[in-house]
Amino acid sequence: MKVAAPAVVALLAAASALVVSLVFANSAGSDARNAPVLIPTRTSTPAAPTATPFPSTWIDGLRAGGGGDAILISCQDANHDGRLNSADAPDLGGLDIALVPGQACVAPERHRDFYAGPPSDAASPACDAAQPPLLIVAIASAGSDLLDARGGESMGLLALVNELQRRAERADIGTRLVLSTSAVYGADAAQTSMERWIAHDLARRLDAAPCLRAVLIGHSHGGVTVTSVAAALDERHGARMYGVLIDRTTALYDRNAAEFPSRTRVLNVYQLNEGWHGHPLDLPNITDADESAERAPIALSDGGGAPALVSHKTLDDAPAVQQRIVDAVVAWLGTRD
């Protein structure tokens, strides 16, 4: 049971997954509105599907190891007035999240919903670096807890994060990582509150580093977080963001989130093999990719087993899907407008 998560989050826990959002750096003057969305041809054969090893926590599964700060967001209510805003910390100015009495900041020693890692090198990402820096934001869906990865679902997103960091490292690009769930535990309208928290955090980072690029990757409810955050920042930062949706669904979300960006380029990956699935979006800045024919090991919560056609829980585990996403992000990172 996920302490302090809303009832709808617990209901979806068995069918949910992680979402990861990634952020890349580029010059402030770039504008990708007229650039085509390219999905590169695969240059190598993906590895055969194998069971993803499950660390004890999300942070343990990071290639770069721990460090940084893993927090329970509701515990940031420093003045205990039941709201998260500038009265709690100056950097929360412009943010206002209502907390649920009795559900906020419960058992923080056992639960985390947001993690901000250190830079990949000694120097903080800066616009005077040889290559502009990269921020990776990974957002987990309903029922996820950054201190508990034993369920094994959405672990393929950690493989994505680790491979993207490897590719960035080979290109001498400094990186920083954020992991998040798709709901603020103990907050009113928990999913919408996480949208606001991440949009606020990402806007601060993009404003502080004009060269920074942002790529947001989300699975299930995390995909909704991606589109909502990208839509909120689209007018100001759309040319510097890239979104990836993995089986995005609003089922059991706390509202009908129908906001989509118009400038930010998005890769929408989905499957149609079962009731829980994503959908084609048919928007000019979004590339749809039906990956129903790919295979991945059966999810542990479904009994586990040899590779089978992907499901809502396992789409992120398919090697071919991971390769498509990494190649698309790297291609976007390499564009110069």
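**Let's talk about the side chain of Asp317**
For step 1, the next point in the chain: Here Asp317 lies in the loop between β13 (305-309) and α5 (319-334).
For step 2, the next point in the chain: Lys313 provides the closest opposite charge to the buried, salt-bridge-free Asp317, at an N-O distance of 11 Å.
For step 3, the next point in the chain: In this structure the side chain of Asp317 is engaged in a polar contact, spanning 3.1 Å, whose partner is the backbone nitrogen of Gly156.

**A short note on the nonpolar core**
For step 1, the next point in the chain: Within the largest apolar cluster, 38 residues are counted, with the highest numbers of intra-cluster contacts made by Leu62, Leu179, Ile217, Tyr242, Ile246 and Ile325.
For step 2, the next point in the chain: For this core, the elements supplying multiple residues, two or more each, are β6 (134-140), α2 (156-170), β7 (175-181), β8 (213-219), β9 (241-246), β10 (265-270) and α5.
For step 3, the next point in the chain: Considering each element in turn, this core owes the most residues, 7 residues, to α5.
For step 4, the next point in the chain: Counting residues in each nonpolar core, the second largest holds 33 residues, with Met194, Trp197, Leu206 and Leu281 among its members.

**Quick look at the state of the cysteines**
For step 1, the next point in the chain: In this structure the tally under the stated criterion is 1 disulfide.
For step 2, the next point in the chain: With a sulfur-sulfur separation of 2.0 Å, Cys75 is cross-linked through a disulfide to Cys105. Between Cys75 and Cys105 the sulfur-sulfur dihedral comes to about 105 degrees; the bridge is accordingly right-handed. Within this pair, whereas Cys75 is found in the loop between β2 (69-71) and β3 (83-84), its partner Cys105 is found in the loop between β4 (97-98) and β5 (114-116), the two being separated by 30 residues in sequence.

**Concerning the packing of α2 against α5**
For step 1, the next point in the chain: Contact pair α2 / α5: the axes reach a minimum separation of 10 Å and the direction vectors enclose 35 degrees. Considering the relative orientation of α2 and α5, their crossing is right-handed. Taken together, the residues of α5 that come into contact with α2 (itself represented by Gly156, Ala159, Leu160, Glu163, Leu164 and Arg167) are Gln322, Ile325, Val326, Asp327, Val329 and Val330.
For step 2, the next point in the chain: Of the residues in the contact of α2 with α5, the class split is 7 nonpolar, 2 polar and 3 charged.

**Considerations on the environment of Gln131**
For step 1, the next point in the chain: Mapped onto the fold, Gln131 is located in the loop between β5 and β6.
For step 2, the next point in the chain: Residue Gln131 is classed as partly exposed on the basis of its relative accessible area of 30%.
For step 3, the next point in the chain: When the C-alpha positions of Gln131 and Asp172 are compared, they lie 6.5 Å apart, and in sequence the two are 41 residues distant.

**So, the pattern of salt bridges**
For step 1, the next point in the chain: Under the criterion given, the structure shown has 12 salt bridges.
For step 2, the next point in the chain: Between Lys313 and Asp302 there is a salt bridge, and its shortest N-O distance comes to 3.1 Å. Linking Lys313 in the loop between β13 and α5 with Asp302 in the loop between β12 (295-298) and β13, this pair joins segments that are 11 residues apart in sequence.
For step 3, the next point in the chain: According to the relative accessible area criterion, Lys313 is buried, its value standing at 10%.
For step 4, the next point in the chain: Assessed through its relative accessible area of 45%, Asp302 is described here as partly exposed.
For step 5, the next point in the chain: Each of Glu195, Arg255 and Glu259 takes part in a single network of salt bridges with overlapping partners.

What counts as what
- Residues numbered from 1 in each chain as written.
- Predicted model: local features only at pLDDT ≥ 70, side-chain atom pairs only at ≥ 80, totals over all residues.
- Heavy atoms only, no water.
- Helix = DSSP H or I, 4+ residues; strand = E, 2+ residues; numbered from the N terminus.
- Buried < 20%, exposed > 50% of the residue type's maximum accessible area, 1.4 Å probe, protein only.
- Lys, Arg positive; Asp, Glu negative; His and termini not counted.
- Salt bridge = Lys/Arg side-chain N within 4 Å of Asp/Glu carboxyl O.
- Polar contact = N/O pair within 3.5 Å; in protein donor to acceptor, adjacent residues only side chain to side chain.
- Core = buried A, V, L, I, M, F, W, Y, C linked by side-chain atoms within 4.5 Å.
- Disulfide = S-S within 2.5 Å.
- Axes fitted to C-alpha atoms, helices over the stretch in contact; angles between N-to-C directions.
- Left-handed = near helix turned anticlockwise from the far one by under 90°.
- Contact = heavy atoms within 4.5 Å.
- Nonpolar A, V, L, I, M, F, W, Y, C, P; charged D, E, K, R; others polar.

Geometric descriptors of this kind do not, in isolation, establish any biological role.
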